[in-house]
Amino acid sequence: MPRWGMVIDVKRCIACWGCTIACKEEHFLPPGVFFNRVLIGETGKFPTSSKLIYPILCNHCEDAACVEACPTGATYVREDGIVAIDDTKCVGCRACMIACPYQQRTYYDEKAKNQEYFPGQGKTEMEIIGEKLYPFTLGTVIKCNFCSERIDDGMKKGLTPGKDEDATPACVNICPVGARVFGDLDDPNSEINRLIMEKKGKQLRKEFGTEPAVYYID
Amino acid sequence: MTYKTDEIWEDKWVNTTCGVCYCGCGAKVRVVNGVPVKIEGIKETTMGGTGAGLCGKGVAGLMYYHDPNRIKKPMLRTNPEKGIGVDPKWKEIEWEEAYEIISTKMKKIMEDDPNKILFTNQTMRASDGPHNHPYFYAQAFGVKNNGNFIIGGGSLHCGNACHMLGGLIHGAWSIAPGLAVHQVCAEMGFQQRYRFRTLGHDQCKAAGRCRAKRHQGDRVRSHGQFCRGQGHGMAGHSAGYGCGRGACHCQLYREHPR
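Since the structure is predicted, the reported quantities are computational estimates derived from the model, not experimental observations.

Q: Describe the overall build of chain A, with residues and values.
A: Looking only at helices and strands, one finds eight helices and ten strands in chain A. Projecting the C-alpha coordinates of chain A onto the three principal axes gives extents of approximately 45 × 45 × 35 Å. Counting across all 218 residues of chain A, residues that qualify as buried make up 44%. Long-range contacts, defined here as pairs at least 24 residues apart, represent 59% of the contacts in chain A between residues at least 6 apart.

Following this line, the structure appears as structure tokens:
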């Protein structure tokens, strides 16, 4: 069984927010809910100042803090390493949101559901379709799922995630500069393992010991 | 969190080109129940980002379609009074009515002097040939010698107001500061990998000129704030990514943490 992971090249990233938007469209997220974010900061002083651009998403940790915090077992690590939420088991206690060191979880409540992209002008056709096609359960916690429905459907068709578009997460597909690489961490010959080895991939907040599956190279 | 397909009778991908800037990258649109819900790049196209890439601006172009404030019919100004704070009292009219108003007024001007007509156009996708059309159809109006042209974007997407204002202020499509004359160039909207993004399509040359200036002891000051609301794909145009920038005026970016 593979263990899915991602490598993000922060040197390539131009902070176009393509991943943020592609993710919102893929999962029909309401305003204010982001599975993919791009953090932008500055370091140094003029004239040697430079910008830090970090696209962040759920790290799909091997030893996830959210899984340990979940009292009902709703959050679990799938066989392929994806941290998923079973919304039938989730009671909305939000312990995982406190436990997650990366702040990648959002509580889906009435407020989030009733938000409109164009306030006071009703929901757009897209939002209405989204509620039918990709419904979130009220009172549960939602987060990035590495586009697991894309991966699962693609694998059934015999496609390889990371190589074929239809089986790869939306944020990886959309990246115009190819800063994101998706692949199998367990396969020593995979593209992402090569990148991690050659460019010394770093995990965010390694000191928490959660073993994230998202690596950053520069 | 899984797809539900109970009430879905159509779910397909339609190939097209992205129309949010004039790069015209290959794009495909996911249509569910006749409603476009997602835009993605096409891997096999030569125009576009790496792989199936498409920039944030292109992807966010979806919201132009879904915007409830999108103007779908001609609007007629009914208040002859003009000025700041004066309501123009826009009225929605039918296309037939609009054609009639335009043609009667145009005929009157053409009988007088066709060179009185000012031609302008919008930024459209590259395949539409935005820069060439006005010159061709100006001939049809009987324009002699040099007509009056503003080749500037007046549309909602790429380069929103900057081309239009560039045209009005210095008669050019590009927005290029006079680097040969000025001592200091203050740039707003500077990005780490997007140097000189305000310099228009002249970007590569301008960057070179800036660098030359720098050697002379001049300064190009950068301000590390991303300029919100003004979207443009400067580096994209030159670097060949076909990648636009700054779709942050799109509703999908609302409440993005800073």
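Right, picking up where we left off after that structure.
Q: Any chance you could break down helix 6 (residues 148–156) of chain A for me, citing the residues and the numbers?
A: Residue and element names in this part refer to chain A. Taken together, the buried positions of helix 6 are occupied by Ser148, Arg150 and Ile151. Buried residues of helix 6, seen end-on, are gathered within an arc of 160° and therefore sit on one face of the element. Contacts from the buried residues of helix 6 go to strand 1 (4–9) and strand 5 (83–85). Once helix 6 ends, the next one or two residues include Gly158, with phi positive near 85°.

Q: Describe the confidence of the model for chain B, and please don't skip the residues or the numbers.
A: As a general rule, the predicted coordinates of low-pLDDT regions are not to be interpreted in detail. Residues and elements named next belong to chain B. Taken residue by residue, chain B gives an average pLDDT of 67. The fraction at 70 or more is 49%. In the model, residues 188–205 has pLDDT below 50 throughout and makes 47 contacts with residues more than four positions away in sequence or in other chains. Throughout residues 213–254 the model reports pLDDT below 50, and contacts reaching past four residues in sequence, or to other chains, amount to 114 contacts. Confidence estimates for the predicted assembly give a pTM of 0.76 and an ipTM of 0.87.

Q: Give a description of unusual backbone geometry that names residues and reports values.
A: Excluding glycine, residues mostly carry a negative phi; peptide bonds, for their part, are mostly trans. All names here are of chain A. One non-glycine residue, His60, adopts positive backbone phi at about 45°. Structurally, His60 can be placed in the loop between strand 3 (50–56) and helix 2 (65–69). We classify His60 as buried; it has 29 C-beta atoms within 10 Å. Not every positive phi belongs to a glycine, and Glu211 is a case in point at roughly 55°. Mapped onto the fold, Glu211 is located in the loop between strand 9 (202–203) and strand 10 (214–217). Residue Glu211 is classed as partly exposed on the basis of its 15 C-beta neighbours within 10 Å.

Thresholds applied
Residues numbered from 1 in each chain as written. Chains lettered and ligands numbered in written order. Predicted model: local features only at pLDDT ≥ 70, side-chain atom pairs only at ≥ 80, totals over all residues. Helix = DSSP H or I, 4+ residues; strand = E, 2+ residues; numbered from the N terminus. Buried ≥ 20, exposed ≤ 12 C-beta atoms within 10 Å, placed from the backbone. Contact = placed C-beta atoms within 7 Å. Arc of directions from axis to C-beta. pLDDT = per-residue confidence, 0-100.

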